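Architecture and fold: a report
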Amino acid sequence: MSEQSTDLRETVRRRYAATAVKVTEGGTACCGPEPVEVDENFGSTLYADVERDTLPAEALAASLGCGNPTAVADLHEGERVLDLGSGGGIDVLLSARRVGPTGKAYGLDMTDEMLELALANAARAKATNVEFLKGTIEAIPLPANTVDVVISNCVINLSTDKPAVFAETFRVLRPGGRIGVLDVVADDSLTAAQRAERGDYVGCIAGALSFTEYREGLEAAGFTAVDITPTHPVADGMHSAIVRASKPATAEHSTRSTDSAATCCGVNACCTDAEASSDPALTVAEAKSASGCGCRA
């Protein structure tokens, strides 16, 4: 990673850490936390009242997204969902309700303060089918073929290595899996400099891809049925958009996946110290036994 990319990531991390601290400290006040200041294009007001009423105030207050990905991802009972850049956990908690007790919702975030807030919100919501992971969206700490759906809410545009995000998303999805993402997308006519003029990086504007760049990036990672639909403007020539795409049912791993993620005998990184069952419901030994694997146990 370049020095500039490292600096940008640290800027984003500090901004979201400060948000989490503000919400946490506000939660100790008599009237509860106040929403973090955002304009009408971002935040918890983009969720339906019926959903807002079921969530902890702290989860709502920490919301910085540009939409509601759980409303567009078409989640079903029993599915496993991963939220990239899960923040205070609002979309993880909503996903957990939609997939029910037989499903599971993962949240991935790189900021300790947000992870702490998300865990507290999960406890407040009495959500038992959730798990929060620390890591970056460019290197997702889950085995290949682990989840059915990947969601994200105005986070991918913050990454300085979007091809890695798309490749990692493709890797962790099971064949036939899909994405339902909200993100900021730019008109094709805008240059990178013009996008930067419309807002800063942590404000989810400067790092936005164009419609064509987004489509080509997903297709390069192996996704098909890519659909990008703008929902509302967030700046001149910049839009909040719903992004949907699918991993083919017969898909191979993305070419950007590491060798250690390769699957053999139902196990990722088979016969290495990092081996893990590709089916989270099975142990390594159970996965090898079920597949008739001849490798060492």
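Residues numbered from 1 in each chain as written. Predicted model: local features only at pLDDT ≥ 70, side-chain atom pairs only at ≥ 80, totals over all residues. Heavy atoms only, no water.

Some remarks on the overall build of the protein
Rules: For the purposes of this entry, the term helix denotes a DSSP run of H or I that reaches at least four residues, the term strand denotes a run of E that reaches at least two, and both are numbered from the N terminus. Accessibility here uses a 1.4 Å probe with only protein chains present; expressed as a share of the type maximum, an area under 20% marks a residue as buried, one over 50% as exposed, and anything in between as partly exposed. The contact rule is simple, with two residues in contact once any of their heavy atoms fall within 4.5 Å. Per-residue and other accessible areas were derived by the Shrake-Rupley procedure at a 1.4 Å probe size, with only the shown protein chains allowed to occlude residues.
Of regular secondary structure, the protein possesses 9 helices and 11 strands. The 297 residues of the protein split such that 53% are buried. Contacts in the protein between residues far apart in sequence, at least 24 positions, make up 69% of those at least 6 positions apart. On the protein, roughly 13000 Å² of surface is accessible, and the fraction owed to carbon and sulfur atoms is 52%.

Re the pairing of strand β1 (residues 80–84)
The condition is simple: A crossover counts as right-handed when, viewed with the strands pointing away from the observer, the path leading from the first strand over the helix to the second turns clockwise. Strands are treated as partners if at least two bridges between them are detected by DSSP.
Judged by how many residues are buried, β1 sits mostly within the fold: 5 of 5 residues are covered. What you see with β1 is no split at all: Arg80, Leu82 and Leu84 on one side and Val81 and Asp83 on the other are buried throughout. Where the polypeptide runs from β1 across helix α4 (residues 90–99) and back to strand β2 (residues 104–109), its parallel neighbour, the crossover connection is right-handed. Where β1 lies against strand β4 (residues 147–153), 4 bridges are found, and the strand directions are parallel. When the bridges of β4 are listed, Leu82 appears paired with Val150.

What to know about empty space enclosed by the protein
The probe, sized like a water molecule, is rolled over the atoms to show the empty space still left. Inclusion rule: Here a cavity denotes a set of grid points, spaced 1 Å apart and computed over the protein atoms alone, in which a 1.4 Å probe fits but from which it cannot get out, and a pocket denotes an open set meeting protein on both sides within 12 Å along at least five of seven lines; residues with an atom within 4 Å of a point are reported as lining. Grid points are joined across faces, edges and corners, and a volume is the space filled by probe spheres set on the points.
According to the stated counting rule, one finds 2 cavities of 30 Å³ or more in the structure shown. Its volume calculated, the second largest cavity comes out at about 50 Å³. In this structure, the second largest cavity is lined by Val150, Ile156, Val165, Phe166, Thr169, Ile179, Val181, Leu218 and Phe223. Contributing elements (two or more residues each) for the lining of the second largest cavity: α6 (162–172) and β5 (173–186).

Regarding the nonpolar core
Rules: Only buried Ala, Val, Leu, Ile, Met, Phe, Trp, Tyr and Cys residues count toward a nonpolar core, and they belong to the same one when joined by side-chain atoms within 4.5 Å.
With 31 residues, the main nonpolar core has Leu82, Ile179, Tyr214, Leu218 and Phe223 as its most contacted residues. Where this core is concerned, the elements lending two or more residues are β1, β2, β4, α6, β5, α8 (211–221), β7 (224–235) and β8 (238–246). Apart from the residues within four sequence positions on either side, Phe223 is in contact with Phe166, Thr169, Phe170, Leu173, Ile179, Leu218, Ala245, Ser246 and Lys247. The next biggest cluster of nonpolar side chains, apart from the first, holds 9 residues, and it includes Val92, Ala96, Leu115 and Val130.

Concerning α4
Counting buried residues along α4, 8 of its 10 residues qualify, which places the element largely inside the surrounding structure. Ile90, Asp91, Val92, Leu93, Leu94, Ser95, Ala96 and Val99 are the residues of α4 that are buried.

So, the environment of Ala220
Within the secondary structure, Ala220 sits in helix α8. Overall, the relative accessible area of 68% leaves Ala220 in the exposed class. Considering only alpha carbons, one finds Ala220 and Pro163, 57 residues apart in sequence, at a separation of 8.3 Å.

So, α8
Short version of the rule: Arc definition: directions from the helix axis to the C-beta atoms.
Three or more residues of α8 are buried, namely Phe211, Tyr214, Gly217, Leu218 and Ala221. Projected down its long axis, α8 shows its buried positions confined to an angular sector of 135°, all on one face. Considering only its buried residues, α8 is in contact with α6, β5, β6 (209–210), β7 and β8. After α8 finishes, the residue Gly222 shows a positive phi value of roughly 115°.

Overview of the packing of α6 against α8
To be explicit about the condition: Only the stretch in contact is used when a helix axis is fitted, and all axes are lines through C-alpha atoms; the angle between N-to-C directions ranges over 0 to 180 degrees. Here roughly perpendicular refers to angles of 65 to 115 degrees, roughly parallel to angles under 35, roughly antiparallel to angles over 145, and oblique to all remaining angles. Handedness of a helix crossing follows the sense of rotation of the near helix relative to the far helix, less than a right angle counterclockwise being left-handed and clockwise being right-handed. We call Asp, Glu, Lys and Arg charged. Ala, Val, Leu, Ile, Met, Phe, Trp, Tyr, Cys and Pro are nonpolar, and the rest, Gly among them, are polar.
Direction vectors running N to C along α6 and α8 enclose 45°, while the axes themselves pass 9 Å from each other. Put simply, α6 runs oblique to α8. As for how α6 packs across α8, the hand of that crossing is right-handed. Listed contacts from α8 to Phe166, Ala167 and Phe170 of α6 are Tyr214, Gly217, Leu218 and Ala221. Class assignment for the residues of the contact of α6 with α8 results in 6 nonpolar, 1 polar and no charged.

Notes on the environment of Val155
With respect to the helices, strands and loops of the structure, Val155 is situated in the loop between β4 and α6. Since its relative accessible area comes to 12%, Val155 is described here as buried. Excluding its chain neighbours within four sequence positions, the residues that come into contact with Val155 are Leu84, Gly85, Ile137 and Asp183.

Some details on the confidence of the model for the protein
Counted only if it meets this: For every residue, the predictor assigns a confidence score, pLDDT, that lies between 0 and 100.
On average, residues of the protein score 75 in pLDDT, and 59% of them reach the 70 mark or higher. Predicted confidence is poor over residues 26–44, with pLDDT under 50, and the contacts of this stretch with residues over four places away or in other chains come to 39 contacts.

As for unusual backbone geometry
Phi angles above zero are rare outside glycine, and Asn145 is one such case at about 60°. Counting through the fold element by element, Asn145 comes out in the loop between β3 (130–134) and β4.

Description of the side chain of Asp83
Structurally, Asp83 can be placed in strand β1. Apart from residues no more than four positions distant in its own chain, Asp83 is found in contact with Asp91, Val92, Tyr106, Gly107, Leu108, Ile151, Ser152 and Asn153.

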